[in-house]
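Here's the letter readout for the chains.
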Amino acid sequence: METSLEEQFQQKIDQEIKIEPKDWMPEKYRQTLIRQISQHAHSEVVGMLPEGNWITRAPSLRRKAILLAKIQDEAGHGLYLYSAAETLGISRDEMYHQLHAGNAKYSSIFNYPTLTWADMGAIGWLVDGAAIMNQVPLCRTSFGPYARAMVRVCKEESFHQRQGFESLWVLSKGTDEQKRMCQDAINRWWWPCLMMFGPPDDESHNTIQSMQWKIKRFSNDELRQKFVDMIAEQIKILSMKLPDPDLKWNEEKKHYDYGKINWEEFWQVLKGNGPCNKERLDTRKKAWDDGAWVRDAATAYAVKKSNNQLNNSNSVYANLH
Amino acid sequence: MQTFIRKMFYGDYGEEKNTASESSSGNASTNEWPLWEVFIRSKQGLDHKHVGSLHAADAVMALENARDVYTRRGEGVSIWIVESKNIHASSPDETAALFEPANDKIYRHPSFYDLPDELKHM
Ligand SMILES: [Fe+2]
Ligand SMILES: [Fe+2]
């Protein structure tokens with residue numbers, strides 16, 4: 001019996017055979033991936049901005065070098081992901097255009113401000129920690145280029161989380177003021193980090209299709225729970241507290257229970273009403289516009305050089321005859 | 001409070017707008033730098049292996065960017081870059097026909113031959 005292309009496609013997915021760019025795929029699969037991968041790429045790129053804010057004010061040369069290296073990694077992550085999206089038939093310029101026009105989403109977490117140096121530690125430990133939770137299962141996602149990009153990303157993320165924790169650990173052993181700063185940063189970043197996993201499962205019913213296509217392998221709530229369990233243990237080492245009076249080990253479930261997330265805040269930030277949405281987009285657009293002359297100059301130089309080469313080879317050719 | 005039912009494919013990005021079809025506005029500029037494929041030899045004695053791609057105005061810039069993006073942790077001792085348009089690939093639609101000649105020649109594999117147990121070192 002003949003099987004339809006759709007059925008063959010699903011069979012491949014069920015057998016854990018990766019889908020490569022030139023393989024047949026349902027249009028909806030392509031569109032879903034373009035959106036997800038490009039939004040992921042935008043997040044890496046915009047994610048550089050809150051941290052870039054502190055490069056010139058890092059407390060030591062060591063911390064400055066680490067922060068620079070981390071931010072440089074994030075630029076690389078953006079590039080790996082944009083490249084993966086391009087294999088699906090969307091151009092890089094088109095994706096930039098979507099971002100700059102305000103049509104594209106990126107992770108809401110980057111619309112919060114970085115107020116003190118301790119935020120650099122909290123971002124590494126909590127924000128990168130949450131990102132890793134999301135990203136590790138994506139290393140096995142069904143689209144080959146996305147999976148390969150994520151393997152590369154995950155290898156690099158581990159240092160991001162470790163440097164963040166180390167930085168907070170130093171503060172947690174410091175003066176009273178440093179301890180206060182550390183706790184304050186944790187207080188501000190904790191809830192937005194829990195929102196990074198997306199709305200509760202009963203409100204995001206469309207993950208069913210993504211699960212069936214094995215783009216996504218765990219639900220939002222499953223990943224969020226894993227994250228809470230991990231951080232609730234790690235924070236003990238810092239002798240700090242998570243800002244949640246309801247956080248409690250549940251012996252029966254073998255998981256931590258946690259309090260209610262303010263989803264209204266989440267939807268507001270997603271809609272563009274977060275504390276830094278406008279600033280992030282403006283900064284990003286300015287960087288792009290300010291860089292225009294560099295891009296133009298490099299293009300002009302490349303054209304000129306290849307013309308020269310062409311002329312030279314023509315004259316060699318003429319001499320031979 | 002308002003209730004929201006929205007699609008969420010990964011994390012918290014939401015999913016309004018920006019699919020390729022919705023956004024092929026033709027609005028974006030088309031003077032993109034060419035795309036290059038990057039191959040890296042991770043150490044002496046090994047083949048170059050495809051690691052990814054990037055945009056660059058010319059070969060020199062492609063090499064420098066490949067170094068900055070793909071070898072930040074000593075992943076390579078040598079880089080090749082090839083402009084993507086110069087790569088010719090077999091078509092997945094013809095996979096079955098293209099590789100068919102190999103599939104029915106099992107005598108190319110050493111295990112095809114049933115030899116006496118006494119025979120050593122072969
Ligand atoms: Fe990243
Ligand atoms: Fe990171």
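Computed from a predicted model, the values in this text were never measured in an experiment.

Trainee: Help me understand the overall build of chain A, please; the structure alone is not making it clear to me.
Mentor: Looking only at helices and strands, one finds 13 helices and two strands in chain A. Taking the principal axes of its C-alpha atoms as reference, chain A extends roughly 85 × 65 × 35 Å. By the burial criterion, 53% of the 321 residues in chain A qualify as buried. Of all intrachain contacts in chain A linking residues separated by at least 6 positions in sequence, the fraction that spans at least 24 positions is 76%. Total accessible area on chain A is roughly 15,200 Å²; 56% of this is exposed by carbon and sulfur atoms. If you average the places of the 42 positive and of the 42 negative side-chain charges in chain A, the two averages end up 5 Å apart.

Trainee: What is the right way to look at the side chain of glutamate 156 of chain A in this model?
Mentor: Note that glutamate 156 of chain A resides in helix H7 (residues 144-172). By relative accessible area, glutamate 156 of chain A is classed as buried at 4%. If we skip the residues at most four places from it in the chain, glutamate 156 of chain A touches Asp73, His77 and Tyr80 of chain A together with Arg72 and Arg73 of chain B.

Trainee: Could you clarify how one ought to interpret the coordination of the iron ion (ligand 1) in this entry?
Mentor: Working reference: metal with six octahedral donors, ideal angles 90 or 180 degrees; metal with four tetrahedral donors, ideal angle 109.5 degrees. Residues and elements named next belong to chain A. Note on the iron ion (ligand 1): its protein donors are Glu44 (OE), Glu74 (OE), His77 (ND1) and Glu157 (OE). The metal-donor distances range over 2.1 to 2.3 Å. Between the four donor atoms coordinating the iron ion (ligand 1), the angles at the centre fall across 81 to 158°, so the site counts as irregular. Taken in sequence order, the residues that donate to the iron ion (ligand 1) follow the motif E-x29-E-x2-H-x79-E. The metal-metal distance between the iron ion (ligand 1) and the iron ion (ligand 2) comes to 3.4 Å, with glutamate 74 coordinating both.

Trainee: So what exactly am I meant to see when it comes to the packing of helix H4 (residues 61-86) of chain A against helix H5 (residues 92-100) of chain A here?
Mentor: Each pair of packed helices can be summarised by the angle the axes make with each other and by the distance between the axes. Residues and elements named next belong to chain A. Relative to each other, H4 and H5 sit at 115°, their axes nearing to 9 Å. Note on packing geometry: the crossing formed by H4 with H5 is right-handed. Two secondary-structure elements touch here, H4 through Leu79, Tyr82, Ser83, Ala85 and Glu86 and H5 through Arg92, Met95, Tyr96 and Leu99. Here the residues of the contact of H4 with H5 sort into six nonpolar, one polar and two charged.

Trainee: Sorry if this is basic, but what is going on with the packing of aromatic side chains here?
Mentor: The relation between two aromatic rings is expressed through the spacing of the ring centres and the mutual angle of the planes. Residues and elements named next belong to chain A. Applying the stated criterion across every chain yields a total of 16 aromatic pairs over all chains. Centroid distance tryptophan 190 to phenylalanine 227: 5.8 Å. Interplanar angle 15°. Geometry classified as stacked. Residue tryptophan 190 is found in helix H8 (residues 176-195), and its partner phenylalanine 227 is found in helix H10 (residues 220-238); the two are separated by 37 residues along the sequence. Across this residue pair, the class does not change: tryptophan 190 and phenylalanine 227 are buried. Here the aromatic cluster, defined as three or more aromatic residues joined through ring pairs, consists of Phe9, Trp24, Tyr29 and Trp213. Here the guanidinium or amino end of arginine 295 rests over the ring plane of tryptophan 288, the centre of that ring lying 3.5 Å away.

Trainee: Sorry if this is basic, but what is going on with the nonpolar core here?
Mentor: Inside soluble globular proteins, nonpolar side chains tend to come together where they are buried. All names here are of chain A. Among the nonpolar cores identified, the biggest contains 96 residues, and Tyr29 and Phe227 are the most heavily contacted of them. Of all the elements, helix H6 (residues 118-138) adds the most residues to this core, at 11 residues. If we skip the residues at most four places from it in the chain, tyrosine 29 touches Phe9, Ile13, Ile19, Ser142, Phe143, Trp213 and Ile215.

Scoring rules and cut-offs
Residues numbered from 1 in each chain as written. Chains lettered and ligands numbered in written order. Predicted model: local features only at pLDDT ≥ 70, side-chain atom pairs only at ≥ 80, totals over all residues. Heavy atoms only, no water. Helix = DSSP H or I, 4+ residues; strand = E, 2+ residues; numbered from the N terminus. Buried < 20%, exposed > 50% of the residue type's maximum accessible area, 1.4 Å probe, protein only. Contact = heavy atoms within 4.5 Å. Areas by Shrake-Rupley, 256 points an atom, 1.4 Å probe, with all protein chains shown as cover. Lys, Arg positive; Asp, Glu negative; His and termini not counted. Charge placed at Lys NZ, Arg CZ, Asp CG, Glu CD. Donors = N, O, S within 2.8 Å, 3.2 Å for Na, K, Ca; no water. Tetrahedral: all angles 85-135°; square planar, octahedral: opposite > 155°, others 65-115°. Axes fitted to C-alpha atoms, helices over the stretch in contact; angles between N-to-C directions. Left-handed = near helix turned anticlockwise from the far one by under 90°. Nonpolar A, V, L, I, M, F, W, Y, C, P; charged D, E, K, R; others polar. Phe/Tyr/Trp six-rings, centres within 6.5 Å; stacked < 30°, edge-to-face > 60°. Lys NZ or Arg CZ within 6 Å of the ring centre and 35° of its normal. Core = buried A, V, L, I, M, F, W, Y, C linked by side-chain atoms within 4.5 Å.

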